[in-house]
Amino acid sequence: MRICFFLLFCALASAFENKISLPILEVSEQTITTPAMNLRRGESGFVLHQLDSTHAMILARAVVVAINDNRARLALQPLELFDNPSMPTPLLAPKVGDQVILRVFYNRAFAIAPNQQVYRAITAQYQDIEWLHPDLFAAFLANEGRAAPTMEHFREICNVYAAGVVYLVRENVGELRDCQTFAILRSDSLPSGEEQIKPFFSRLGNMERSWLGFLRRDPKITNYYHYYDSLVHDFARANRDIADVIEHR
């Protein structure tokens, strides 16, 4: 088992990449175009407008949805990272010359694993990554009265702790995913563990659905792998423009 993990993570050593800044070349109603560089579909970032030499404003979120002829097309989405009713909503629209910053916080990650052995094997091999402890996510779910994370929970916890990626362990595979789009950035073979802690490994142990969750008809996890397979599949169906890179790479 240890040898398998060692070989796997040697191959993954360069999977986490530094942020990149690219100029906007074209703007349409809901999309922008930038140089493609080495971007991948499903990567996300922010549109940044420079106000003056020392001040800038984030205008929107952007997701890479297509790459053709050395250009990348990015869909614009509402900005939710700093969702605060006391803060003003940006009124400026992205324009040619603004910058798109991608792979932000890709050096901060949550690992979703079925047990401690798999979790430790992942985090031990990525010394340059700041792994955010799954207890933080488990406590967040408990505070929300939930025993199974939804896709919105992943986005929220990543926003709260400024994480850019999630390493999701599924059956026989480990998937490095963008926190916001859940698109697969890298996928590799990974031995599955027999022990299953639900909804994922944390020091809080197994989390059971509360009576309120029962009344809300919250999902109940009976099998770790089946639950995340279903979660990924349902999210891909709802995001058809990048569905293929959500379900498989």
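Computed from a predicted model, the values in this text were never measured in an experiment.

Student: How would you summarise the pattern of salt bridges if you had to cite specific residues and measurements?
Tutor: Taken as a whole and assessed by the stated rule, the structure comprises 11 salt bridges. Between E26 and R71 there is a salt bridge, with its nearest N and O atoms 2.8 Å apart. Placement of the pair is E26 in strand β2 (residues 26-27) and R71 in strand β6 (residues 71-77), with a sequence separation of 45 residues. Residue classification places E26 among the partly exposed residues on the basis of a relative accessible area of 43%. One salt bridge connects D229 with R170, and the closest N-O pair in it is separated by 2.8 Å. In this pair, D229 is assigned in helix α6 (residues 224-238) and R170 in strand β10 (residues 165-170), connecting sequence segments 59 residues apart.

Student: Which residues make up the packing of helix α4 (residues 151-160) against α6, and what values do they have?
Tutor: Two elements in contact, α4 and α6, have axes separated by 10 Å at closest approach and are oriented at 90°. If you check the angle between α4 and α6, you find them roughly perpendicular. Contacts from M151, F154 and R155 of α4 reach α6 at Y228, L231 and F235. Broken down by class, the residue content of the contact of α4 with α6 amounts to 5 nonpolar, no polar and 1 charged.

Student: Go over unusual backbone geometry, please, and point to the residues and values.
Tutor: Residues K198 and P199 are joined by a peptide bond in cis, for which omega reads 10°. For P199, the position within the fold is in the loop between β12 (184-189) and α5 (211-216). Its identity as a non-glycine residue notwithstanding, M37 has a phi of 50°, on the positive side. Owing to a relative accessible area of 60%, M37 belongs among the exposed residues under this scheme. A positive phi angle is found at F105, which is not glycine, with a value near 65°. By the element assignment, F105 lies in the loop between β7 (99-102) and β8 (108-112).

Student: So what about the environment of S28? Which residues, and what values?
Tutor: Among the secondary structure elements, S28 is positioned in the loop between β2 and β3 (31-35). A C-alpha to C-alpha distance of 9.2 Å links S28 and K95, two positions 67 residues apart in sequence.

Student: Requested: an account of the sheet that holds strand β5 (residues 56-68), with residues and values cited.
Tutor: Pairing in this open sheet of 7 strands is antiparallel, and the strands run β1-β7-β4-β5-β6-β3-β2 from one edge to the other. A strand with exactly one partner marks an edge of an open sheet, and here the two such strands are β1 (20-23) and β2. Relative to β6, β3 runs antiparallel, the two being bridged by 5 bridges. By the bridge assignment, T34 is partnered in β6 with A72.

Criteria and thresholds
- Residues numbered from 1 in each chain as written.
- Predicted model: local features only at pLDDT ≥ 70, side-chain atom pairs only at ≥ 80, totals over all residues.
- Heavy atoms only, no water.
- Salt bridge = Lys/Arg side-chain N within 4 Å of Asp/Glu carboxyl O.
- Helix = DSSP H or I, 4+ residues; strand = E, 2+ residues; numbered from the N terminus.
- Buried < 20%, exposed > 50% of the residue type's maximum accessible area, 1.4 Å probe, protein only.
- Axes fitted to C-alpha atoms, helices over the stretch in contact; angles between N-to-C directions.
- Parallel < 35°, antiparallel > 145°, perpendicular 65-115°, else oblique.
- Contact = heavy atoms within 4.5 Å.
- Nonpolar A, V, L, I, M, F, W, Y, C, P; charged D, E, K, R; others polar.
- Pairing = 2+ DSSP bridges.

Shape descriptors only; they carry no functional weight alone.
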